[in-house]
Amino acid sequence: MQNQLPEIVKLKNWMLVGTFFALWISVYFNKATEEVLAYVLILSFGILHGSNDIKLIRATSYNENAPGMMKVLLCYLGFIAMVIALLKFLPLVLIGVFLIFSAYHFGEQHWNGGLSGSRISKTTLYVNYGLLVLTILFHAHGKEVENILLKLTDFVVPAAIWRSLLFILLITFVLQYILKFKQKVSTRFRELLILLVLYIVFNTASLLWSFAIYFIIWHSVPSLSDQIQYLYGELSWKNFFKYFRTSFWYWAAAVVSLFGLFLFFSKAFDEVVPMLFAFIIAITFPHVLVIDKLRRS
Ligand SMILES: CC1=C(/C=C/C(C)=C/C=C/C(C)=C/C=O)C(C)(C)CCC1
C-alpha cells in the first residue's frame, strides 16, 4: 500500500491545497517566474494527460473492432490538420465551438460521474460550468484575452463582453445546479466555494499561470488519475510509471512538434502565447472526443 496514490476524494483536498500553494506562488513571485512554471506544467502534465489518446482509442473499441495503430494515427493527424485549416478559414466559428467543447470537457471531468440526472441536463450543466470557469478567467484578464483572440482570429472580441456573460452564466449555473440536481448542502457549498477560490486565484495570478493552475490541478491531474484506473485498474505509482512509459513517445512527439511550430510560425505569430493556444486548440478536439467515449464505455 505504500506506493498507493491518494484516492479520488483525497485528491480533491490535495487539489485545493495545490491551488492555495499556486496562489502563494503568484503573490510571492513575479510574472516571468509564473510564466516559466506555467510552460513547464502545461508541457509536462498538461500534454501528458492527452498523450495516451491513441492507445485509449484502441482500448475503448471492442477487441475484434480495434482499428490498427497506423489507421488511428493517420485519422488522428488528419483530424488535427482539419482543425488547423478551420482555424485559418473560419476562426471565430472554430474558437466558439472550441470553447463549448472545452467547457463540456472541463465540466465532465469536474463532476466526474457524480451527478444523477438525464443525459441532456448533465451535458448542459457540464457546458455551463466549464463556460463559467473560462469566463471567470477571461473576465480577470480581458485585455490579454482580447489580444490573443485578435492574433488567432483577426477579430476584436471586446473584453467588455465577459462581464455580462459571467453574470448570465453564474445565474444559470446556480439555478440549474440547485433546482435540477439533488446534492447535500455541504457539497453545494463546497462547489460554490471552489468557484470563489478560482475567482480569487484568477484575479491574482497572470493569465498563463491562472490557466495552468486550472488546467493542471483541476483538470489534467484528475484526468490522469481516471485514465490510469481505466487502463490498469488501480491508481498507484507503479501504474503511473506504466502510463508514462506507454505515452512517453507520443508526449515527446507532441512537445517536439510544438517547438517545431514555434520555430516555423514565429514570424506569423510574433508572440509565443497565441501559438501555444493554437497548438492546444488543435490537439484538444480529438482528446475531448476520446475521453468522452472512454467515460461512456
Ligand atoms: C485560456 C485562453 C483560451 C482558452 C483555452 C482553452 C479553453 C483551453 C482548453 C483546453 C482543454 C480543454 C484541454 C483538454 O485537455 C483562448 C480562448 C484560446 C485564448 C485566450 C486564453
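Computed from a predicted model, the values in this text were never measured in an experiment.

Examining the pattern of salt bridges
Here is step 1: Considering all chains together, one arrives at three salt bridges under this definition.
Here is step 2: The shortest N-O distance in the salt bridge between E191 and R190 comes to 3.4 Å.
Here is step 3: The exposure class of E191 is buried, given its relative accessible area of 2%.

Considering the site of the ligand
Here is step 1: The environment of the ligand is made up of 18 residues, and the closest members are H49, F98, F215, H219 and H287.
Here is step 2: Measuring from an oxygen atom of the ligand, one finds a side-chain N or O atom of H49 at 3.0 Å.
Here is step 3: H219 places a polar side-chain atom, nitrogen or oxygen, 3.5 Å from an oxygen atom of the ligand.
Here is step 4: Contact with the protein chains removes 99% of the 540 Å² of surface that the ligand exposes when unbound.
Here is step 5: Element by element, the count of residues in the shell around the ligand is highest for helix α5 (residues 91-111), at five residues.
Here is step 6: Within the shell around the ligand, the residues separate by chemical class into 12 nonpolar, six polar and no charged.

Here's the deal with the environment of L276
Here is step 1: With respect to the element layout, L276 can be found in helix α12 (residues 272-296).
Here is step 2: It is 25 Å that separates the C-alpha atoms of L276 and I57, two residues lying 219 residues apart in sequence.
Here is step 3: Discounting chain neighbours no more than four positions away, the residues touching L276 are Y39, I42, L208, L258 and F262.

Procedures and definitions
- Residues numbered from 1 in each chain as written.
- Predicted model: local features only at pLDDT ≥ 70, side-chain atom pairs only at ≥ 80, totals over all residues.
- Heavy atoms only, no water.
- Salt bridge = Lys/Arg side-chain N within 4 Å of Asp/Glu carboxyl O.
- Buried < 20%, exposed > 50% of the residue type's maximum accessible area, 1.4 Å probe, protein only.
- Near = heavy atom within 4 Å.
- Polar contact = N/O pair within 3.5 Å; in protein donor to acceptor, adjacent residues only side chain to side chain.
- Areas by Shrake-Rupley, 256 points an atom, 1.4 Å probe, with all protein chains shown as cover.
- Helix = DSSP H or I, 4+ residues; strand = E, 2+ residues; numbered from the N terminus.
- Nonpolar A, V, L, I, M, F, W, Y, C, P; charged D, E, K, R; others polar.
- Contact = heavy atoms within 4.5 Å.

Interpretation note: all reported values are geometric properties and have no functional meaning in isolation.
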